[in-house]
Amino acid sequence: CGLPASRFKADSAPWKGISCLGKHLSSSIFPVLKSIEKGKFGNYFDWMQGLPQGWERLLINALKDEYSRLVAELKSEGLLKQFLNVEMPLKCMFSIVGTQGIRIDHERLISKYRSLDHEYFRAVKTLEISYGFTVRQRNKELSYDAIKKFVKDFESDDFSKKYFWESIELMQESSEFLKNLYIEHRNRWDLSELLRVSNSISECCKIDYDVFGTVTGRILLNRPGIQYLKRTSRDIFSPKEGSEFVYADYAQFEPGILASFSNDVKLIELYNGGDIYSGLASQIGRGCTRKIAKEMFLSFIYGMSRRNIRRRIVQKFGEESGTASDEFFSQFSMVEQWKSQIVDAAQQARVAKGPFAYIRRVTTEDTDRDIARWAPNHIIQSTASGIFKNALCRIAKQVKQCRLLVPMHDAILIECPVQLTTKIRNQVENIMINCFQKACKGVNVKISFTPFEGDSEQIQ
């Protein structure tokens, strides 16, 4: 429907249950069919008694009508080919992989759980004792107003209402309070997901893949949420005997797409010449890490003003570093121009749409600031999803000896026979590069092979 799932409450999303069939059913039969989802009846027999005669045919006709409507809509949006040739084959493949699962190292899982629990408790106590901030049991509803007295060096504009925790992640290195708040948030998530894994009755963790995923087309892993586990929590998984993991990752995926789309000569030069994030970290100096530089660069891509980026750099590293970072970002005039064009186009057409036809619609809830943030983001992220999914399809078809296990937005965890590792790595690398170059011209994309687990800062 071109909207993120967060726009809908509980089961109100149009793709949930039989909600999508409501438009094809009469007002008398639809509420009765819907009632089973809401638990109105205690058992199926009672529910069936409340259905009118001939309901089976009405339901089948509604399914046929909805199918026809969806096919027509996919055709009109240019999505039908992608759906049939990419989305559905991936759905079938990951359905099989999900039932097979990934092998779990239970001893390591228990050790990891204890370590995270200790770290979580320490962050909670630091927030309570050092700052007088009591963490809520559910902190999804946290906002700037709830924490503003603890972050006086920041402004309300620094915290997006819709992307609050993404804002916290970007700014955590600049504030001990935010760092502990983010540790509490992330560790609570990891602990929850590790509990899901540990409840498995077999030696393998079964996975529920949502191939159609997000509004940008990203594949999601719903149960458990392996994609959202911190890298240091992923060593609970291990390959089966005689096999090993290969983790293939598009290096600097989003900057590469942005460089190609904006045709910014300076950004293309930097991208093709080496590591953009390390280059920015070197220019900022004074102990700036690649991780911090990456956060700043992605903030620049996704709508943060240069003024706010400079202010954050000054807060952490001083005035001289702030000036250096401003000089760095001032090089990319074509990027600024491209972002403005994308935002203007989305405001006029009331929709943002990338080359793979994944769409996001503008609604009355979206302010100009919201559109300025998500429109360029949608084009880049949906393009990344399209490239990645096409690469996965080709790998599945052409590299028969491996199992594709965990898609991580721009990386894939593969299990392959030890004796074929080198061959498979070369095949995977060539396929991923080829799929990128078909969509994005003029940039020399690189594929990195790193451990699936560990400290990301050390790995990269």
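Parameters and conventions
- Residues numbered from 1 in each chain as written.
- Predicted model: local features only at pLDDT ≥ 70, side-chain atom pairs only at ≥ 80, totals over all residues.
- Heavy atoms only, no water.
- Helix = DSSP H or I, 4+ residues; strand = E, 2+ residues; numbered from the N terminus.
- Rg over C-alpha atoms; globule rule 2.2 N^0.38 Å.
- Buried < 20%, exposed > 50% of the residue type's maximum accessible area, 1.4 Å probe, protein only.
- Contact = heavy atoms within 4.5 Å.
- Areas by Shrake-Rupley, 256 points an atom, 1.4 Å probe, with all protein chains shown as cover.
- Lys, Arg positive; Asp, Glu negative; His and termini not counted.
- Charge placed at Lys NZ, Arg CZ, Asp CG, Glu CD.
- Salt bridge = Lys/Arg side-chain N within 4 Å of Asp/Glu carboxyl O.
- Expected span 1.5 Å × (residues − 1).
- Bend = angle between axes of the 7 residues up to and from the residue.
- Core = buried A, V, L, I, M, F, W, Y, C linked by side-chain atoms within 4.5 Å.
- pLDDT = per-residue confidence, 0-100.
- Pairing = 2+ DSSP bridges.
- Phe/Tyr/Trp six-rings, centres within 6.5 Å; stacked < 30°, edge-to-face > 60°.
- Lys NZ or Arg CZ within 6 Å of the ring centre and 35° of its normal.

Colleague: Tell me about the overall build of the chain, residues and numbers included.
Modeller: For the chain, the count of helices and strands is 18 helices and 10 strands. For a compact globule of 460 residues, the expected C-alpha radius of gyration is about 23 Å, and the chain comes in at 24 Å, within 12% of that figure. The principal-axis extent of the C-alpha atoms belonging to the chain is close to 80 × 55 × 50 Å. A buried classification covers 48% of the 460 residues belonging to the chain. Contacts in the chain between residues at least 24 apart in sequence constitute 68% of all its contacts with a sequence separation of at least 6. Counting only carbon and sulfur atoms, one obtains 51% of the accessible surface of the chain, whose full area is about 23000 Å². Computed over 66 positive and 55 negative side-chain charges, the inter-centroid distance for the chain is 4 Å.

Colleague: So what's going on with the environment of G303? Residues and values would help.
Modeller: Here G303 lies in the loop between α12 (290-301) and α13 (306-317). On the basis of relative accessibility, which here comes to 45%, the residue G303 falls in the partly exposed class. Each C-alpha atom, one on G303 and one on K339, is 8.4 Å from the other, the two residues being 36 residues apart in sequence. Residues contacting G303, with those up to four places away along its chain left out, are K339 and A372.

Colleague: Before we move on, can you summarise the pattern of salt bridges with the specific residues and values?
Modeller: Under the defined criterion, the tally for this structure stands at 20 salt bridges. Among the ionic pairs, R7 bridges to E365, the shortest N-O distance being 3.9 Å. Of this pair, R7 sits in the segment before α1 (30-35) while E365 sits in the loop between β7 (359-361) and α16 (368-398), and the two are 358 residues apart along the sequence. When salt bridges that share partners are traced, they join K23, E66, R69, E73, E77, K353 and R361 into one network.

Colleague: If you had to explain α16 to someone new, which residues and values would you point to?
Modeller: Between its first and last C-alpha, α16 extends 45 Å over 31 residues, near the 45 Å set by a 1.5 Å rise per residue. At H378, α16 is deflected by roughly 25°, the largest bend along its length. The buried count for α16 comes to 22 of 31 residues, which makes it a mostly enclosed element.

Colleague: Lay out the nonpolar core in plain terms, naming residues and giving numbers.
Modeller: Among the nonpolar cores identified, the biggest contains 103 residues, and F94, F237, Y250 and F297 are the most heavily contacted of them. No other element matches α16, which puts 12 residues into this core. Beyond its immediate stretch of four places on either side in the chain, F237 contacts I102, R103, R108, V197, C205, I226, L229, F245 and F452. Core analysis: the next-biggest nonpolar cluster, separate from the first, contains 18 residues, F154, I168, M171 and L181 among them.

Colleague: Describe the confidence of the model for the chain, naming the residues involved and giving the relevant values.
Modeller: Atomic detail in the predicted coordinates should be set aside for any region of low pLDDT. Overall, the predicted model of the chain reaches an average pLDDT of 87, with 93% of residues at or above 70. Below a pLDDT of 50 lies the segment residues 456-460, which in the model reaches 12 contacts outside its immediate sequence neighbourhood of four places, other chains included.

Colleague: Quick rundown of the pairing of strand β8 (residues 403-407)? Include the residues and the values.
Modeller: Across the 5 residues of β8, 5 count as buried, placing the element largely inside the fold. Pairing analysis gives 4 bridges linking β8 to strand β9 (residues 411-417), with the strands arranged antiparallel. What sits directly across from P407, in β9, is I412. Joining the antiparallel neighbours β8 and β9 is a turn of 3 residues, in which H409 adopts a positive phi near 75°.

Colleague: Give a description of the packing of aromatic side chains that names residues and reports values.
Modeller: The final tally for this structure, using the stated rule, is 21 aromatic pairs. Plain terms: the ring middles of F328 and F329 are 5.4 Å apart, the flat faces sit at 90° to each other, and that makes the pair edge-to-face. Across this residue pair, the class does not change: F328 and F329 are buried. Three or more aromatic residues joined by ring pairs make a cluster, and in this case those are Y277, F297, F300, F328, F329 and F332. If you follow R425 out to its NZ or CZ, it ends over the ring of F449, 4.4 Å from the centre. Looking at K446, its charged tip hangs above the ring of Y271, at a distance of 5.6 Å from the centre.

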